[in-house]
Amino acid sequence: MATDPVCGMYVDERSAQLTLVRENRTFYFCAESCLAEFAAPEAHRLRLRRRLAVAWPASIAVLVLVYLLPIHYSGYLEIALAGLVQAYAGWEFYRGAKDAAVNRVWNMDVLVATATSAAFVYSAAALLLPGRLPPALYFDASSLIVTLILTGNYLELRTRERATGARRRLAALVPGEVTVVENGLERRRPIREIETGARLRVRPGERLPVDGIVREGRSSVDESWIAGESRPVDKSPGAAVVAGSMNLDGLLDVEATRTGDGTYLAEVGRLLTEAELGQVPLRKTADRIAERFVPLVLAIAVAAAAFWFLLGAGPTISVLVFVTVAITACPCAFGIATPAALAVAVSQAAELGILFRGREALERAAAVDVIVADKTGTLTAGHPVLTDAVAIPGWSESDLIALAAGVERGSNHPLSIAVRLAAQKRGVEPRVVGSLRVEPGIGAFGVLDGKPVCVRRPDLADTSRLSPGLAVVAAQFGSDGKGCSIVEIGTDIVGVLGFADPVRPTIRATVDELRRRSIEVMLATGDSDGAARSAGRAAGIAEVHGRMTPADKLELVRHLQRGGRRVAFVGDGINDAPALLAADLGVAVGGGTDVAQEAGQVILVRSGFESMPAVLETGRRALDKVRQNLRWAIGYNALLIPVAAGVLVPLLGFEVYSVLPAAGALAMGLSSSTVVLNSLSLRIRAPPGIPVPVSSVPVVVPGA
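Colleague: It is not clear to me how the overall build of the protein should be interpreted in this structure. Could you clarify?
Modeller: Within the protein one finds 23 helices and 26 strands. For the protein, the proportion of contacts with a sequence separation of at least 24, taken over those separated by at least 6, is 70%. On the protein, roughly 29200 Å² of surface is accessible, and the fraction owed to carbon and sulfur atoms is 58%.

Colleague: Hey, could you run me through the packing of helix H10 (residues 314-328) against helix H21 (residues 612-645) in this one?
Modeller: To characterise two packed helices, one gives the angle between the axes of the helices and the distance between these axes. In contact at an axis separation of 8 Å, H10 and H21 are set at 170° when each is read in the N-to-C sense. Judged on the interaxial angle alone, H21 and H10 are roughly antiparallel. Seen from H10, the contacting residues are Val321, Thr324, Val325 and Thr328; seen from H21, they are Tyr636, Asn637, Leu640, Ala644 and Ala645. Partitioning the contact of H10 with H21 into residue classes produces six nonpolar, three polar and no charged.

Colleague: Just checking my understanding: could you explain the packing of helix H5 (residues 108-128) against H10 for this structure?
Modeller: One can describe the packing of H5 onto H10 by two numbers: an axis separation of 8 Å at closest approach and a directional angle of 140°. Accordingly, the angle class assigned to the pair H5 and H10 is oblique. H10 is crossed by H5, and the crossing has left-handed handedness. Only Val319, Leu320, Phe322, Val323, Ala326 and Ile327 of H10 make contact with H5, whose side of the interface consists of Thr114, Ala115, Ala118, Ala119 and Tyr122. A per-class count over the contact of H5 with H10 returns 10 nonpolar, one polar and no charged.

Colleague: Looking at this structure, I do not really get the nonpolar core. What am I missing?
Modeller: Side chains of a nonpolar character, in soluble globular proteins, are inclined to be buried together. Residues Phe356, Ile371, Phe609, Val615 and Leu616 are the most contacted members of the largest nonpolar core, which totals 41 residues. With seven residues, H21 is the largest single contributor of residues to this core. Setting aside residues no more than four positions away along its own chain, Leu616 makes contact with Ala365, Ala366, Val368, Ile371, Leu514, Ile519 and Leu585. Within the second largest apolar cluster, 36 residues are counted, among which are Tyr122, Ile327, Ala329 and Leu660.

Colleague: Explanation requested: helix H1 (residues 32-39) in the structure shown.
Modeller: Side chains that are three or four residues apart share a direction in an α-helix, a result of its 3.6 residues per turn. Looking only at H1, the buried set comprises Ser33, Cys34, Glu37 and Phe38. Here the buried residues of H1 occupy an arc of 130° about the axis, which is enough to place them on one side.

Colleague: Can you walk me through the environment of Ala551 in this structure?
Modeller: Within the secondary structure layout, Ala551 lies in helix H18 (residues 550-562). When the C-alpha atoms of Ala551 and Pro578 are compared, they prove to be 7.5 Å apart, with 27 residues separating the residues in sequence.

Colleague: Got a minute to help me understand the sheet that holds strand S24 (residues 567-571) in this structure?
Modeller: Two modes of strand pairing occur in sheets, parallel and antiparallel, and in both the strands are linked by backbone hydrogen bonds. Reading across from one edge, S14-S26-S25-S24-S15-S22-S23 is the order of the seven strands in this open sheet, with mixed pairing throughout. Each end of this open sheet is capped by a strand with a single partner; those strands are strand S14 (354-356) and strand S23 (543-545). Across this sheet, the average inter-strand angle for adjacent strands is 20°, counted without regard to direction. Bridging between strand S22 (residues 520-524) and S23 involves three bridges; their strand directions are parallel. Residue Met522 lies in a different strand from S23, and its bridge partner there is Glu543. Where helix H17 (residues 529-539) meets the sheet, it contacts S22 and S23, and its direction lies at approximately 150° from that of S23. H18 contacts strand S15 (370-373), S22, S23 and S24 of the sheet and is inclined by roughly 160° relative to S24.

Colleague: Just checking my understanding: could you explain the pattern of salt bridges for this structure?
Modeller: Pairing between side chains of opposite charge can happen when their charged atoms approach one another. Under the definition given, this model contains 32 salt bridges. Here Glu216 makes a salt bridge to Arg199, at a shortest N to O gap of 3.8 Å. Of the two residues, Glu216 is situated in strand S8 (residues 211-216) and Arg199 in strand S7 (residues 199-202); the sequence distance between them amounts to 17 residues. Note on Glu216: relative accessible area 45%, which makes it partly exposed. With relative accessibility at 28%, the residue Arg199 sits in the partly exposed group. Here the salt bridges do not stand alone but share partners, grouping Glu513, Arg516, Arg517, Glu617, Arg620, Asp624 and Arg627 into one network.

Colleague: How should I be thinking about the sheet that holds strand S11 (residues 240-241) in this particular structure?
Modeller: The six strands lie next to each other as S6-S5-S7-S13-S8-S11, forming an open sheet whose pairing is antiparallel. Each edge of the open sheet is held by one strand with a lone partner, namely strand S6 (185-190) and S11. Where S8 and S11 come together, two bridges link them in antiparallel fashion. Note that in S11 the partner of Ile213 across the bridge is Ala240.

Colleague: Please explain the side chain of Lys235 as it appears in this structure.
Modeller: Examined against the element boundaries, Lys235 turns out to sit in strand S10 (residues 233-235). Taking the relative accessible area as the measure of exposure, Lys235 reaches 7% and is therefore buried. Within the structure, the side chain of Lys235 is placed 2.7 Å from the backbone oxygen of Ala240, a separation counted as a polar contact. Excluding its chain neighbours within four sequence positions, the residues that come into contact with Lys235 are Val214, Gly217, Arg218, Ser219, Val221, Glu223, Ala240, Val241 and Leu252.

Colleague: I would appreciate a short explanation of H21 in the present structure.
Modeller: The end-to-end C-alpha distance of H21, which contains 34 residues, comes to 49 Å, matching closely the 50 Å that a straight helix rising 1.5 Å per residue would cover. Gly646, located one to two residues past H21, shows a positive phi value of around 115°.

Colleague: What am I meant to see in a nonpolar patch on the surface here?
Modeller: On the surface, Tyr73, Tyr76, Leu128 and Leu129 cluster together into a nonpolar patch covering about 450 Å² of accessible area. Along the chain, Tyr73 falls in the loop between helix H2 (41-68) and helix H3 (74-89). Judged by relative accessible area, which is 56%, Tyr73 ranks as exposed.

Colleague: It is not clear to me how unusual backbone geometry should be interpreted in this structure. Could you clarify?
Modeller: Peptide bonds are trans in most cases, and residues, glycine excluded, mostly fall at negative phi. Although it is not a glycine, Ser435 sits at a positive phi angle of roughly 50°. Structurally, Ser435 is set in strand S17 (residues 434-439).

About the criteria used
Residues numbered from 1 in each chain as written. Predicted model: local features only at pLDDT ≥ 70, side-chain atom pairs only at ≥ 80, totals over all residues. Heavy atoms only, no water. Helix = DSSP H or I, 4+ residues; strand = E, 2+ residues; numbered from the N terminus. Contact = heavy atoms within 4.5 Å. Areas by Shrake-Rupley, 256 points an atom, 1.4 Å probe, with all protein chains shown as cover. Axes fitted to C-alpha atoms, helices over the stretch in contact; angles between N-to-C directions. Parallel < 35°, antiparallel > 145°, perpendicular 65-115°, else oblique. Nonpolar A, V, L, I, M, F, W, Y, C, P; charged D, E, K, R; others polar. Left-handed = near helix turned anticlockwise from the far one by under 90°. Core = buried A, V, L, I, M, F, W, Y, C linked by side-chain atoms within 4.5 Å. Buried < 20%, exposed > 50% of the residue type's maximum accessible area, 1.4 Å probe, protein only. Arc of directions from axis to C-beta. Pairing = 2+ DSSP bridges. Salt bridge = Lys/Arg side-chain N within 4 Å of Asp/Glu carboxyl O. Polar contact = N/O pair within 3.5 Å; in protein donor to acceptor, adjacent residues only side chain to side chain. Expected span 1.5 Å × (residues − 1). Patch = residues over 30% accessible without salt bridge, like charges linked within 9 Å, V, L, I, M, F, W, Y side chains within 5 Å.

Spelled out as structure tokens, the structure:
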């Protein structure tokens, strides 16, 4: 059976009348209220805010009249204020109870509506029919219960909206309009009108709007969001491109092969929708409990009232017994505070760019004792940096960088940007090179003092002209996993440039923090052993594994699990997907397509490996709070329901019911307040971590 995404109740798909299709997925609802809340969360949020704007002032006023400033005829003010709360703010629960009755299910709304109505109706009868019932009024209980639970529903909605915001930001990667080439002419059209087979023109600096095949042009494309590879990918006719990728330095004509909901980017959007629904809703756990708890409580209330009536207690005492049990047992601790601990933890993590997909992810995060991390894009900066500049005799390093920066002045290729930034950082003035031109996928060219100069890929240069020393250096760059460019002037190769994607400076501090928490960190990368060892030294990771295929990473995870370890795998590429799925906790960095296809349990939307201490600590702290709240809620109900049902009558007589309803309402309120405050205490101290946004596209420095 399907599950209602709002309240968590089971729905039979065969007979369900209320459905909604979103992101190519059908959702089923048990009631119109759930459908309305899911379909239009903003309207529902505004409606809840309006009801809370009435409920809180009215409830506080009732509490003041009852406990601080009782005045003559205050009961009539209380009934007016509590009636307003019951009729306006509490309408949500009456509507939910009606829908539950129609669908023959039990939910929290049934118990809330029953308990608050019993308290309100009894209090109204006691006030308006003096002398027939004990003069005890419980308007404070009825209004406070409604207000507290309505507040919990509002917190749930806010948690969902945070996850939805991430999905909206991801969708913004696709431009609203694109350039279509028809019969050789360019036309601007909305992206929603583009169909498979359309020919699109994508200029430098624009994002690819569709998945497709390059038909004309050459360019470098930043696809780091797909596989975490920081080096741009050269594209030429016949190459595949993916929506959301950035075209860097050339004009591309692309034939659309997948558009709209069929693109990789749309799959990421569907993942974030699942992440949104995966946040533990404030009512979901409560309604599962309510399926058994609500009828049990009502049965106890009716049985206790009937029992004392048959023993001669009379109708007044019997009504008081029913009201006392219903008020005392109202499971606000189950309905608000326990899921609230999870919602507070999830929302706090979301502010750091961490999405937990439900309670299971929190539980697994709390148990992790070893982390296996990919390198590229996970531990590294995410963009190339010039690390080496080796020149022939007679040329200094500064001379080589000055020439390269002058030639690269006309290119926005990431390697060109790295050269210009290196010159700027070292205080090197670029040479004035004329006749600049860029050949996408090949290199940058110009003229200096009448001689042709260029910076190009080594595989496109005549490497036989490399001096023996430069040949050794270039070969070493390759074995170390570094990128390499050849610098030429005239017919001479005057130097080679080495590029790497360095480990971020904050990674070592993160690894040290995890080690202090007795969490072991390992590195598993497809790069060479030399590159793996270099990254391990920079990150402070002792155990490194290089040249790892996807199967090797998977086997490493399983080997650790067979040894009794609880493994978290952190990665961002398609080749990480098997390990992400097999790990006890799969943590996806960024928005790679592997995440879209297979869905890790935790998604780091805008932060990187630096957030891992926060991920693990959030899980541990949240489950600690859940256990504390559950122990309190179970203990409270186990102790006070028998008291409300009359276990003290043999000792204290029926006179105890002159105070038990009020005492039960007060105990219920204090119980709920205690666990709510305990849950919200998670906000007092933020989870540790060094969250650093990971940019998938290097920043272009104009004029650098």
